[in-house]
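Working through the structure, step by step
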Amino acid sequence: MILMSNVDFDADSFIESKLNEIREALGEGRALIAVSGGVDSTTCALLTRKAIGKNLLCVFIDTGLMRKGEPENVKRSLAKPPLKLPLKIIRARRSFMSKVRGLTDAEDKRKAFREAFYSTLAIVAEKEGCNWLIQGTIAPDLIETRGGVKTQHNVLEQIGIDPKKIYGFKVLEPISTLYKPQVRILSRRLGLPESACERQPFPGPGLLVRCVGEVKPGKLSVLKEVTDIVERAFASSGAQQYFAAVIDNRIADAPGEIVRTLKSTLQLHDEILNVKILQSQATGVRDGSRIYGRMVSILSPPEKSNPQTVLDRAISKSAEFIESNPEYTRLLIETGGARGRKPYSAIIRAVNTEDYMTARPLRVPWTMLRRVSSRILNGNLSLSTVYYDLTPKPPATIEFE
Ligand code: XMP
């Protein structure tokens, strides 16, 4: 695989060489592409349609793990002008829920999702006479899967799965040498509307990786509502990716040693150093590989202690703290709490990043975090606490699973 830098990237010659490559590989064959409405799969669909015209069929699988209104929005943006892609929507909510039910481990959940995803595509491919599957896999998907950071749902051959043998189609990945900024350049060249070119990424397994631990219908509905609130609140924040996760509300007191280490690393005073440990696990990266760890949270600083200073300092010191305490993968700060014990808590994540392989938490006004947290807690959503994630990637990942 030849990786290109942004400066070297010439969208026109890339398009020309890929059109030849796609036509040569597919010949008169029919192809399927699973689209999500995101920039990678849509760009890939536009490129492939340019190459093989009506021999391409786009499929959107409604897994039930998408955001509020997503299937309708995808249908509107892809099937209607200006794109007018040939789109088939497959309703498969029940089968995805039954595959992930009862699973708590992040990799088991990803694996179950992948199996449900490709089995669904295999049925459609057979029915529609498609012997090729086109995928919008990009360079970081391959690099991070191979490096052991995560098993991306759309990576098959690289982890020893022969798609032809198991699912009956061959896979072609025309944009797998590109990074996100290059995909965005390419998408503009192929006529994707500006708002879609700059759309923030959404993981293939959808809310599965943000519904931390076991996915239950009630927990998933809460996540959909919180996601909606957070996406609206952060839309003009300047972050490249922003979202919410929901965790089971199980907490423990922090061991004295962690409190002492945090206190010295973050240079905090006694009165604001209430610390708790969240029992849910979140993924992180250590030496290029994926690890799991619990999350540490400092409680909401009192107004008199200048919360903005505490927040900024905690953001700048979080990597140092996590790197020297490898059983933990995240440092959080509590940004709001409700009265009484509720089953779930929410975490807000907002990051700045160029390539999504490294990321920095967005430096946000404390008042904004308080406002968004109140909005979430006032929504009557069975949530005890709202946290903000202070950890860069590495040592954390962007997603929670
Ligand atoms: P992580 O969590 O690995 O995420 O730091 C890096 C970027 O990749 C997105 N992501 C995924 N995208 N399928 C996808 O298509 C996946 O399985 C997947 N997992 C993470 C994530 O949202 C971020 O932009």
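Domain boundaries assigned for the protein chain yield domain 1 (11-197) and domain 2 (210-389). Inter-centroid distance (C-alpha atoms) of domain 1 to domain 2 is 31 Å. At the interface, 26 residues of domain 1 touch 21 residues of domain 2. Summed over both partners, the interface of domain 1 with domain 2 comes to about 1800 Å²; 55% of that surface belongs to carbon and sulfur atoms. Inspection of the region where domain 1 meets domain 2 yields four salt bridges. Two residues, Lys-68 and Asp-228, come together in a salt bridge whose shortest N-O distance is 3.6 Å. Those elements giving two or more residues to the side of domain 1 that touches domain 2 turn out to be helix 4 (93-100), helix 5 (106-128), helix 6 (139-147) and helix 8 (180-189). Of the residues assigned to the side of domain 1 that touches domain 2, the class counts are 11 nonpolar, five polar and 10 charged.

With that settled, consider the nonpolar core. Counting residues in hydrophobic clusters, the biggest one holds 118 residues, and the most contacted among them are Leu-121, Val-226, Phe-234, Ile-298 and Tyr-388. Per-element accounting of this core gives the leading share, nine residues, to helix 5. The two domains that each donate at least three residues to this core are domain 1 (11-197) and domain 2 (210-389). What Phe-234 contacts, discounting residues up to four positions off in sequence, is Tyr-242, Ile-348, Ala-350, Leu-362, Val-364, Met-368, Leu-369 and Val-372. One finds Leu-332, Val-351, Tyr-387 and Phe-400 within the second-largest nonpolar core, a separate group that totals 15 residues.

The subject of this paragraph is the environment of Ala-338. Within the secondary structure, Ala-338 sits in the loop between strand 10 (328-337) and strand 11 (344-352). Residues Ala-338 and Asn-380 lie 42 residues apart in sequence; the distance between their C-alpha atoms is 9.9 Å. Apart from the residues within four sequence positions on either side, Ala-338 is in contact with Leu-377, Leu-383 and Ser-384.

Here the focus is the pattern of salt bridges. This model, assessed by the stated rule, comprises 26 salt bridges. Here Arg-67 and Glu-70 are joined by a salt bridge, their closest N and O atoms 2.8 Å apart. Note that Arg-188 is salt-bridged to Glu-198, the shortest N-O span being 2.5 Å. Pair noted here: Arg-188 is in helix 8 and Glu-198 is in the loop between helix 9 (194-197) and helix 10 (217-234), with a separation of 10 residues, a long-range link. Look at Arg-188 and you get partly exposed, because its relative accessible area is 33%.

For the rest of this paragraph, the subject is helix 1 (residues 11-26). Helix length check: helix 1 (16 residues) gives 22 Å between terminal C-alpha atoms against 22 Å at 1.5 Å per residue, within 8%. Taken together, the buried positions of helix 1 are occupied by Ala-11, Phe-14, Ile-15, Lys-18, Leu-19, Ile-22 and Leu-26. Looking straight down helix 1, one finds its buried side chains confined to an arc of 130°; they lie on one side. The exposed residues of helix 1 that point more than 90 degrees off its buried face are Glu-16 and Glu-24. Contacts from the buried residues of helix 1 go to strand 1 (31-34), helix 2 (39-52), strand 4 (132-134), strand 5 (170-172) and helix 8. Two or three places before Asp-12, at the opening of helix 1, Asp-10 has a side-chain oxygen 3.1 Å from that residue's backbone nitrogen. Just past helix 1, the residue Gly-27 takes up positive phi, approximately 55°.

As a further point, take the sheet that holds strand 1. Across the sheet, which stays open at both edges, the five strands sit in the order 3-2-1-4-5 with parallel pairing between neighbours. Both edges of this open sheet fall to strand 3 (87-91) and strand 5, since each of them pairs with a single strand only. Across the sheet, the axes of successive neighbouring strands diverge by a mean angle of 30°, strand direction being ignored. Examined bridge by bridge, strand 1 and strand 2 (residues 56-62) share four bridges and lie parallel to one another. Pairing of Ile-33 across the sheet is with Cys-58, part of strand 2. With respect to the sheet, helix 5 is in contact with strand 1, strand 2, strand 3 and strand 4, its orientation differing from that of strand 2 by roughly 145°.

The rules we used
Residues numbered from 1 in each chain as written. Predicted model: local features only at pLDDT ≥ 70, side-chain atom pairs only at ≥ 80, totals over all residues. Heavy atoms only, no water. Domains from an automatic or database assignment. Contact = heavy atoms within 4.5 Å. Buried area = accessible area lost by both parts, 1.4 Å probe. Salt bridge = Lys/Arg side-chain N within 4 Å of Asp/Glu carboxyl O. Helix = DSSP H or I, 4+ residues; strand = E, 2+ residues; numbered from the N terminus. Nonpolar A, V, L, I, M, F, W, Y, C, P; charged D, E, K, R; others polar. Core = buried A, V, L, I, M, F, W, Y, C linked by side-chain atoms within 4.5 Å. Buried < 20%, exposed > 50% of the residue type's maximum accessible area, 1.4 Å probe, protein only. Expected span 1.5 Å × (residues − 1). Arc of directions from axis to C-beta. Polar contact = N/O pair within 3.5 Å; in protein donor to acceptor, adjacent residues only side chain to side chain. Pairing = 2+ DSSP bridges. Axes fitted to C-alpha atoms, helices over the stretch in contact; angles between N-to-C directions.

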